[in-house]
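# Structure assessment
This is what each chain is made of:
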Amino acid sequence: MCRSSPLLLLCLSLLAPSVQGQSRLFPALEPGVSQNLAEQRKAVLSAIDYQLELTLPPEQTEPIRGSNTISFELTDTSQPLVLDFRESADKISSVQVNGRDSNYEFAVEHLIIPQAELVAGSNRVSIEFIAGDTSLNRNPGFLYTLFVPDRARTAFPLFDQPNLKATYDLALSVPANWDAISNAPLADSVVQGERKLLRFERSDAISSYLFSFVAGEFQRITREVNGRPMSMLHRESDADKVARNVDAIFELHGAALLWLEDYTAIDYPFQKFDFALIPSFQYGGMEHVGAIQYRADSLFLDESPSQTQLLGRASLISHETAHMWFGDLVTMDWFDDVWTKEVFANFMAAKMVNPSFPEINHDLNFLIRHYPSAYAVDRTEGANAIRQPLPNLNEAGTLYGNIIYNKAPIMMRQLELLTGEFAFQEGMQEYLSAFSFSNATWPDLIAILDTKTETDLMAWSEVWVNTAGRPHFNAFSLSTAPSLRQDDPTGQNRVWPQSFSVATNEGQDWLAVTVYSREGETELGTGSSRNPLFNADGYGYGLFPVDSNILADWENLNEVQKGSLLVSLYENLLEGQSVQSEDYLRELIGILEKEDNQLLINLVLRQLDFVYWSLLSEVDRTIYGEELEKMLWQSMLKVEDSARKKIYFDAYRDFALSVEALERLSQVWQQQLEIEGLTLSENDYIGLATNLAIKLPQRADEIVTEQLDKIESADRRRRFEWISPALSAEQQIRDEFFYSLADESNREIESWVLGALNALHHPLRRDVSEAYLLPSLELLQEIQVTGDIFFPARWLSASLANYNSATAAATVRDFLAERPDYNRQLRLKILQAADDLFRAERLRRRQ
């Protein structure tokens, strides 16, 4: 019998949707978009066009009324025609088929047209409806659509699958002071009293998840970059922030477009190129054709941004721009290959940022951006393959995660090494040319690349792409030379063929040789077996043996070797090998005192955060905390580089626990203490207030009230006011706030929810907040149904990441054990998110 929290069960029973009955016309129909349904429709439908008209009211509580006239060619009328609409039947006002009222049926999230009303050839279905709000992201003064992966059907009736590309004729009736962008250029704008009608040109043929519009009270900036006009919509009230960033934003987009046109040998394939910067956007960005959406803070950086922030912005812009070719021009046939568009975009983005940042070590950046995140999943009990089966699109969101975004680019880099850079590029050009404005699968690409190498890429791909996990490498000495062997930790005897280098210390120099690891033992061929550094170039993938004594030679390592060493040491720490947590903490503090590379500093701080909060006892945290505070404060004061100064200050804020440190932060927050060379933004002061309210509970109400009075941006004020109950010192207020999240309407702005969860589950509160873990797990299936693609994993991470107790680990284990038939993908997500908890509990028990 499953344990449940009574309050959550009450909430869920009140919120449970009514279940629609089985379809009379199509008895096999199921909720969502099944692969069987998608294949049947793909076989008979073509030339689809949507004439979509929507009336957007100024108030977000008023309904959005619309009409959709769908034109299409149909080759087979032997079965009913199924449209997708995940709303209630009363949202449909009328349906006409080929000019006549339809005797349609509405069941299991679908609108079903009887076959007798259809003809072979051209058909026209006209629907009057009230749009569903789930994916319209309505806010005071603006809204935006976000339909990936199968959420267009929550707003209006359509064929919601990626391989039925269609054109869109969009018309929006909006308040007269609103602006808007969509996938196609604006055709005309007609003022109608206090409103205006915006009609857009017919779009290019695109998949339904890529259709989009943004509308509301936005400011528009238009530039011409390399001969191409671009417009940016934004709501930022800080004019100085806009001025500091706007040139770089347009220039980075222009540079990415030029690079991609050159690499692919295909000119930008769509009618226009615009983008919108949206407050509290769910993701970093979304690649809607000609109308990219970004989280505003990802592009509008604060003063003195760090290298990591600048690289992050450039990589994000390059990633979303790459999608115009990889994902938009050529789209996966089914969402089991959703990873292909993401790996292409990430892989190309890593190549693209190089010319814009010649001073950055891009091999180090690739290592730090991809390996820790990929290992964070592949080391877990819930590891998943890059390519996964998907019987229904209503579970497509569960396929997203670190494996798609981080392991897949590592795999792709190995594939490029295998084929050769020129042959790989040639293959990509053939792929894009062959499948332009159409759909393709991963085997389609492998078939092209297979002709350019003697390696059997299908067999190579079988392990790298179709199975989960990573190899464990074991080193040993033979009579002739030191050797390395791959082992499969699951006992399946898999081998991940891959190239990487091994370096050995020859005096003061580290000499490296490249090896190719496959079946059996690989002789390293190095001149010495003393303290070899495996994966010295950061190209290999797996758990590598490592000797912590190499840290003593830190100054003689190059930057990539330093990064690879840190990654391997951390992975071995989590496996309970090579190094103890307190020893490693001291080593990390020592590195911070002498390292000046921002990428390495940020990597050290991320590792330090887990060791400090999850592995140390409270006594040890007090002992080492004072040393850490002192080092960070002194480092911040003495460093002249403003970006590094900000990195040290942010770390000081996060680790500060002593009375002296918190008083110092209070003075900075109240602007009584100024630090020369340190510039803080409104977001920084909000972050300080959040931190202080948690660490100084006796002053929490005072801090929140004062900060609310200081915030100038209306959007940021709304966010902080909404999150404020999670900062309260009163347990009852926090409890009421947490349990209110069972109501879907209280989870509408997901980035706000995650900010609140981070406050509720702060390590200093984990003793009292551990009670939230079970209801958080119980709510997961509801969140998967109602939330956007990344929300279930982020909900779990925010809920579980800071815990380290045996009781917290038991809560997760028991939850899964009591539910043997629990959704497989969500089970994997739980095991992935709980991995740090499991390891922290196990490592602390051993100490």
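Computed from a predicted model, the values in this text were never measured in an experiment. (Residues numbered from 1 in each chain as written. Predicted model: local features only at pLDDT ≥ 70, side-chain atom pairs only at ≥ 80, totals over all residues. Heavy atoms only, no water.)

### Observations concerning the overall build of the protein chain
Threshold: Runs of E in the DSSP output that reach at least two residues are strands. Runs of H or I that reach at least four are helices, and both are numbered from the N terminus. We take the radius of gyration over the C-alpha atoms and set the globule estimate at 2.2 Å times the residue count to the 0.38 power. We call two residues in contact whenever any of their non-hydrogen atoms come within 4.5 Å of each other. Note on areas: these come from Shrake-Rupley sampling with a 1.4 Å probe, and a residue is covered only by the protein chains present in the view. Charged-residue counts in this description rest on Lys and Arg as positive and Asp and Glu as negative, His and the chain ends being excluded. Where a charge sits is defined by one atom per residue type, namely NZ (Lys), CZ (Arg), CG (Asp) or CD (Glu).
On a plain count of helices and strands, the protein chain comes out with 29 helices and 28 strands. Against the compact-globule benchmark of 29 Å for 847 residues, the protein chain has a radius of gyration of 27 Å, which places it among compact chains. Considered along the principal axes of its C-alpha atoms, the protein chain spans approximately 85 × 70 × 65 Å. In the protein chain, of all internal contacts separated by at least 6 residues, the share reaching a separation of at least 24 is 72%. Looking at the protein chain as shown, the accessible area adds up to about 32000 Å², and 46% of this sits on carbon and sulfur atoms. Charged side chains of the protein chain number 73 positive and 121 negative; the gap between the two group centres comes to 2 Å.

### Regarding the pairing of strand 8 (residues 121-130)
The line we're drawing: When DSSP finds two or more bridges between two strands, those strands count as paired.
The sheet contact formed by strand 2 (residues 65-74) and strand 8 spans 10 bridges and is antiparallel. Its bridge partner being in strand 8, F72 is matched across the sheet by N123. Sheet topology places strand 4 (residues 92-97) next to strand 8; 5 bridges connect them, and they run antiparallel. Across the sheet, the residue bridging to I92 is F129, located in strand 8.

### With respect to the confidence of the model for the protein chain
Rules: By definition, pLDDT measures how confident the predictor is in each residue, and it falls between 0 and 100.
Chain-level pLDDT for the protein chain is 94 on average; 96% of the residues reach the 70-or-more range. For the stretch residues 1-19, pLDDT sits under 50, and the model shows 28 contacts to residues farther than four places along the chain or on other chains.

### Comments concerning the sheet that holds strand 16 (residues 219-225)
In plain terms, the rule: Angular values range over 0 to 180 degrees, each being the angle between N-to-C directions of two axes fitted as lines to C-alpha atoms, with helices fitted over their stretch in contact.
An order of 16-17-18-20-19 is seen for the 5 strands of this open sheet, with the pairing classed as mixed. Unpaired on one side and paired on the other, strand 16 and strand 19 (285-286) mark the two borders of the sheet. Direction of pairing for strand 19 relative to strand 20 (residues 291-295): antiparallel, over a ladder of 2 bridges. Paired with M286 across the strands is Q293, a residue of strand 20. Here helix 3 (residues 239-264) sits on the sheet and contacts strand 16, strand 17 (228-234), strand 18 (274-278) and strand 20; the angle it forms with strand 17, its principal contact strand, is near 135°.

### A word on helix 26 (residues 791-800)
Owing to its 3.6 residues per turn, the α-helix aligns residues three or four sequence positions apart on the same side. Rules: Summary of the burial criterion: residues with accessible area below 20% of their type's maximum are buried, those above 50% are exposed, and those between are partly exposed, where the area comes from a 1.4 Å probe applied to protein chains only.
In terms of burial, helix 26 is largely enclosed, as 7 of its 10 residues are buried. When we look at burial in helix 26, the residues that qualify are F791, P792, W795, L796, A798, S799 and L800. Taken together, the buried residues of helix 26 touch helix 22 (750-760), helix 24 (773-778), helix 25 (780-786), helix 27 (806-817), helix 28 (824-833) and helix 29 (835-846).

### As for the pattern of salt bridges
Selection criterion: Salt bridges are identified by distance alone: a Lys or Arg side-chain nitrogen within 4 Å of an Asp or Glu carboxyl oxygen.
Considering all chains together, one arrives at 48 salt bridges under this definition. For E841, the salt bridge goes to R845, with nearest N and O atoms at 2.9 Å. One end of the pair, E841, and the other, R845, are both in helix 29, 4 residues apart, so they sit about a helical turn from each other. Accessibility expressed as a relative area gives 13% for E841, which makes it buried. Here the residues in one salt-bridge network are R379, R470, E571, E575, D835, D836 and R839, joined through shared partners.

### Regarding the sheet that holds strand 6 (residues 105-107)
Ordered in space as 3-7-6, the 3 strands form an open sheet in which the pairing is antiparallel. Here the strands that pair on one side only, and so sit at the sheet edges, are strand 3 (81-84) and strand 6. With strand direction ignored, the average angle separating the axes of adjacent strands in the sheet is 25°. Note: strand 3 against strand 7 (residues 110-113), 4 bridges, orientation antiparallel. Following the sheet pairing, L81 is matched in strand 7 by I113. Where helix 2 (residues 35-44) meets the sheet, its contacts fall on strand 3 and strand 7, and the angle it forms with strand 3 comes to roughly 120°.

### Some remarks on the packing of helix 17 (residues 659-669) against helix 18 (residues 682-695)
Applied cut-off: In a left-handed crossing the near helix is turned counterclockwise from the far helix by less than a right angle, and in a right-handed crossing that turn is clockwise. Following the grouping adopted for this structure description, the nonpolar residues are Ala, Val, Leu, Ile, Met, Phe, Trp, Tyr, Cys and Pro, the charged ones are Asp, Glu, Lys and Arg, and the polar ones are all others, Gly among them.
Contact pair helix 17 / helix 18: the axes reach a minimum separation of 10 Å and the direction vectors enclose 145°. The chirality of how helix 17 crosses helix 18 is left-handed. Residue-level inspection shows L662, L665, S666, V668 and W669 of helix 17 in contact with helix 18, the latter providing Y685, L688, A689, L692 and K695. For the contact of helix 17 with helix 18, the residue count by class is 8 nonpolar, 1 polar and 1 charged.

### Re the packing of aromatic side chains
Note the threshold: The rule is short: rings of Phe, Tyr and Trp, with Trp giving its six-membered ring, pair when the centres are within 6.5 Å, and they are stacked under 30 degrees, edge-to-face over 60, tilted in between. For a lysine, the NZ atom is tested; for an arginine, the CZ atom; a charge sits over a ring if that atom is within 6 Å of the ring centre and within 35 degrees of the ring normal.
All chains considered together, the criterion is met by 50 aromatic pairs. Relative to F211, the ring of Y168 lies with its centre 4.3 Å away and its plane at 5°, an arrangement referred to as stacked. Taken as a pair, Y168 in strand 11 (residues 166-175) and F211 in the loop between strand 14 (195-200) and strand 15 (213-216) lie far apart in primary sequence, 43 residues in all. The buried category is assigned to Y168, whose relative accessible area is 2%. Seen from their ring centres, Y375 and Y541 are 5.0 Å apart, and the 40° between their planes marks the pair as tilted. Placement of Y375 in helix 7 (residues 362-378) and of Y541 in the loop between strand 28 (533-534) and helix 12 (559-574) is noted, with a sequence separation of 166 residues between them. Across the ring face of W633, the terminal group of R664 is positioned such that the distance to the ring centre comes to 4.2 Å.

### Overview of unusual backbone geometry
Here the amide bond leading from V148 into P149 is cis, since omega sits at -5°, within 30 degrees of zero. The residue E109 is not glycine, and still its phi comes out positive at about 70°. Within the secondary structure, E109 sits in the loop between strand 6 and strand 7. Of note in this structure, N226 is not a glycine but carries a positive phi near 55°. Here N226 is to be found in the loop between strand 16 and strand 17.

### Structural notes on the pairing of strand 17
Buried residues dominate strand 17, accounting for 6 of its 7 residues. With 7 bridges joining them, strand 16 and strand 17 adopt antiparallel strand pairing. Each bridged residue has a counterpart across the sheet, and for T222 the counterpart in strand 17 is S231. Between strand 16 and strand 17, which pair antiparallel in sequence order, lie 2 residues; one of them, N226, sits at a positive phi of approximately 55°. Examined bridge by bridge, strand 17 and strand 18 share 3 bridges and lie parallel to one another.

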